[in-house]
Amino acid sequence: MADYGECIETVIEQLDRFKPQKDSPEQFLEAASTCLQTLSPQKQAFILEVLSGCLEYRKLLTIVVDAFYVRDGRLCLWSDYNLFQVICYLATFQLEELGFQLFCNIVKSQPADKMHKFLRFFFNPLNLCSWIKDEWSLVYETAHVQENWTDPLMRWQPEVQELIDQLERVLTNQLPLSKTKAKVTEPKQFNLTVPRPRAIPVPEPVPVVAKPRPVPRTAYQSPKEKQVLEVTKRCNRRKAEELLLRANLGEMRCAMPREAPAQGSKKALRLQSPPRICKTLQLLFCRPNDDIPIKLNTAAILRERALYQRQVERELQRVDKLVDGARDFSAFLEWQRKMQAKDHEEQQAAGECRRLQGKLSHEEAILARQRLLQENKQKADRKKDEVAVPADGQADTAVCRETPPGGEVHEGAGGAGDGGAQEHPGGANEAPEGPTAGSPLDPQVQEVKEESQELLQRRAQEAREEQTRRCELISQLRALETQPTHKGKLVDLTQIPGYGLEGEMSIVELRERLARLKEAQKREEEEKRDQIIQGKRAKSQELQNTLEQISLCRSAMGRSAALRCEERKAAAPSAPSQDERVLQLQLRIKEKAAERRRQAALLHVSAPRAARPKPQAQREAQHWLELERSRQRRQAALQREGSACGPARRLGAA
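**Examining the overall build of the protein chain**
Piece 1. Each helix and strand in the protein chain was counted, giving 22 helices and zero strands.
Piece 2. Here the protein chain holds 654 residues, and the buried ones make up 20% of them.
Piece 3. For the protein chain, restricting intrachain contacts to residue pairs at least 6 apart in sequence, the fraction spanning at least 24 positions comes to 76%.
Piece 4. Summed over its atoms, the accessible surface of the protein chain is roughly 53400 Å², and 55% of this surface lies on carbon and sulfur atoms.

Following this line, the structure appears as structure tokens:
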């Protein structure tokens, strides 16, 4: 039994050395066979067979042993993991060859409590025929597992059960171990290296730091460039506002005659007129700096080139279609433009009719108001004539006189006498202090005082001598530390170490090779740098050519836009056509305005005592007059913007 126990221990030791991530089973078995040369051939064959089987069926054994540790072997040590694997392998794969008696001897050579737990768990029919069989079937085929492994184990179930009972009886009859007195551990002192005493540092003088220069004032001030930019922005904004105000005040002055407004209404008209100017015209004609070049980045240049290329391609496609016999849509587009213009004129006429109808209703309301005022004034005059009473008789009626009562006020004065009290200061008596008497010192006290002074002087002298001795020792130690010490040996940099390694070389050769490698890397960097510079130059040249093409395209597009603008101006009608409804409404408004003025004149003549027309009516009339003028100016400005903004939009799109 001792031989079996030694063989099992040898197998366990070899399994402990096996690392699945690093070692391969074949090489490990070869190394193990070389290590077991000292054993007998029979033991060596048995150990190698068990070891190879454990390595081959490692997956199956791991399933059983891991489950054992989870369920029944929670209190077992993990160092016995390989022991349970070996017993599981012998019971599953070698029980037929070894025989039951030899298997019992091997099991009895191991600790009884561990073998009892594991065999009871492994040979349990519930475990063996349920989950162990299912887990093994995931690795091998189910028929193979049942025929070769689970069925033979079930056949050996009675004999193994007797073995488990024997182990249980051994555990129950086993006497407790006698407690022997353990040898007390005697601690030993560690043999540590005594560190060298630290050098006592000499106090260093405090360094005098130079006075730093103050921070310059310019660090807290904004740069001059920013101030110049702000001033330039303000000047440009002021110029733009002046130009905008001048354009708003003088828009369409030559095309539309204006009536001279009253002296007091100039400021109101100037404030009421809204700024109406096209943004495109402002950008084209009202910029103070027109000749400043615009710097385009690469993306903008490429986008513009792609735009012109697409335009050229569309034009070429259109020409190709025309050559192939396609129809030109210019006539249709012209008809469409005319119809849109006609629709626009109709919309304008409808809007003008609505506006004139509103103005006509306003005039009629003013006339009705004036008629109502005339009737009210006539009624008031008749009423005043009926109730008139002479004012002279009523003026001489009784006058109430009121005499305000008078009173005198008498003031009295009185005197008051003040009395004084005399204070008599009193004196305080002070207690006389008794004189202090001095007595001469005792001679013994004088001697003790002299001895203490001598002791203090002696101790101070000894302390000074000790300090001087310590300073001398420190200076000597530092002088010894500063002396050069020769450690190590001389190294020949041209000598090869001679370790027998591949590519072995001396330090000098290594440095030379590194220098050559650095030179090669430097040459590669220079070549790459030259290639990058050449690529950049080619790209810049290509961008320059693209900019030239873009400038040519821009000039061509500008000329074509100017030609189209001139054609549109020449084709534009001199005066917009008027609708009959608008003319009739304007005529009715003029008649109503004339009637309103006649009615106002009659009111002014017939009622001299009545107040002048109210400022509200005057403001309303002035408001409608300004609305009429602003409408006419807006219509003329829209025509001018339509003729000037078309080329600008096409230029912006290009």
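**Section: helix H12 (residues 157-173)**
Structurally, the α-helix is built with 3.6 residues per turn, so residues lying three or four positions apart point the same way.
Piece 1. The end-to-end C-alpha distance of H12, which contains 17 residues, comes to 24 Å, matching closely the 24 Å that a straight helix rising 1.5 Å per residue would cover.
Piece 2. All of the buried residues along H12 are Gln157, Val160, Leu163, Ile164 and Leu167. Buried residues of H12, viewed axially, fall in a sector of 120 degrees; they line one side. In this structure, H12 carries Pro158, Glu162, Thr172 and Asn173 as exposed residues pointing more than 90 degrees from its buried face.

**Section: the environment of Phe28**
Piece 1. Note that Phe28 resides in helix H2 (residues 25-35).
Piece 2. A relative accessible area of 9% places Phe28 in the buried class.
Piece 3. Linking Phe28 and Phe18, residues 10 residues apart in sequence, is a C-alpha distance of 7.3 Å.
Piece 4. Residues within four places of Phe28 in sequence aside, it is in contact with Gln14, Arg17, Phe18, Asp23, Leu51 and Leu55.

**Some points on a nonpolar patch on the surface**
Piece 1. On the surface, Phe329, Phe332, Leu333, Trp335 and Met339 cluster together to form a nonpolar patch covering roughly 550 Å² of accessible area.
Piece 2. By secondary structure assignment, the location of Trp335 is in helix H17 (residues 330-386).

**Some points on the nonpolar core**
Piece 1. Grouped together as the largest cluster of nonpolar side chains are 59 residues, with contacts concentrated most on Val86, Leu119 and Phe122.
Piece 2. Of all the elements, helix H5 (residues 81-93) adds the most residues to this core, at 10 residues.
Piece 3. Excluding residues within four positions of it along the chain, Leu119 makes contact with Ile87, Phe103, Val107, Leu163, Ile164 and Leu167.
Piece 4. With six residues, the next largest nonpolar core counts Cys353, Leu356, Leu360 and Val582 among its residues.

**What about the packing of aromatic side chains?**
Both the distance between ring centres and the angle between the ring planes are used here to describe each pair of aromatic rings.
Piece 1. If you walk through the whole model with that rule in mind, you get 21 aromatic pairs.
Piece 2. Aromatic side chains Phe100 and Trp156 sit 5.8 Å apart centroid to centroid with 10 degrees between the ring planes, which places their arrangement in the stacked category. Highlighted residues: Phe100 in helix H7 (residues 100-108) and Trp156 in the loop between helix H11 (142-155) and H12, separated in sequence by 56 residues.
Piece 3. Phe100 sits in the buried class, given a relative accessible area of 17%.
Piece 4. What links up through ring pairs into an aromatic cluster is the set Phe68, Tyr69, Trp78, Tyr81, Phe84, Phe118, Phe121, Phe122, Phe123 and Trp131.

**Some details on the packing of helix H4 (residues 58-70) against helix H10 (residues 131-139)**
Piece 1. Interaxial distance between H4 and H10 falls to 10 Å at its minimum, and their mutual angle equals 150 degrees. It follows that H4 is roughly antiparallel to H10 by the angle criterion. Where H4 crosses over H10, the two elements pack in a sense that is right-handed. For the pair formed by H4 and H10, the contact residues are Leu60, Ile63, Val64 and Ala67 on the first element and Trp131, Ile132, Glu135, Trp136 and Val139 on the second.
Piece 2. Grouping the constituent residues of the contact of H4 with H10 by class yields eight nonpolar, no polar and one charged.

**Looking at the side chain of Glu352**
Piece 1. For Glu352, the location among the structural elements is in helix H17.
Piece 2. Judged by its relative accessible area of 10%, Glu352 falls in the buried class.
Piece 3. Among the polar contacts made by the side chain of Glu352, one reaches the side chain of Arg355 at a distance of 2.5 Å.
Piece 4. The residues touching Glu352, leaving out its near neighbours within four places in the chain, are Val582 and Arg631.

**Considerations on the packing of H4 against H5**
Piece 1. Running from amino to carboxyl end, H4 crosses H5 at an angle of 120 degrees, the nearest separation of the two axes being 9 Å. Taken together, the axes of H4 and H5 lie oblique to each other. Once H4 is placed against H5, the crossing between them reads as right-handed. Residues Arg58, Leu60, Leu61, Thr62, Val64, Val65, Asp66, Phe68 and Tyr69 of H4 form the contact with H5, whose own contacting residues are Tyr81, Phe84, Gln85, Cys88, Tyr89 and Phe93.
Piece 2. Split into classes, the residues belonging to the contact of H4 with H5 amount to 11 nonpolar, two polar and two charged.

Criteria and thresholds
- Residues numbered from 1 in each chain as written.
- Predicted model: local features only at pLDDT ≥ 70, side-chain atom pairs only at ≥ 80, totals over all residues.
- Heavy atoms only, no water.
- Helix = DSSP H or I, 4+ residues; strand = E, 2+ residues; numbered from the N terminus.
- Buried < 20%, exposed > 50% of the residue type's maximum accessible area, 1.4 Å probe, protein only.
- Contact = heavy atoms within 4.5 Å.
- Areas by Shrake-Rupley, 256 points an atom, 1.4 Å probe, with all protein chains shown as cover.
- Expected span 1.5 Å × (residues − 1).
- Arc of directions from axis to C-beta.
- Patch = residues over 30% accessible without salt bridge, like charges linked within 9 Å, V, L, I, M, F, W, Y side chains within 5 Å.
- Salt bridge = Lys/Arg side-chain N within 4 Å of Asp/Glu carboxyl O.
- Core = buried A, V, L, I, M, F, W, Y, C linked by side-chain atoms within 4.5 Å.
- Phe/Tyr/Trp six-rings, centres within 6.5 Å; stacked < 30°, edge-to-face > 60°.
- Axes fitted to C-alpha atoms, helices over the stretch in contact; angles between N-to-C directions.
- Parallel < 35°, antiparallel > 145°, perpendicular 65-115°, else oblique.
- Left-handed = near helix turned anticlockwise from the far one by under 90°.
- Nonpolar A, V, L, I, M, F, W, Y, C, P; charged D, E, K, R; others polar.
- Polar contact = N/O pair within 3.5 Å; in protein donor to acceptor, adjacent residues only side chain to side chain.

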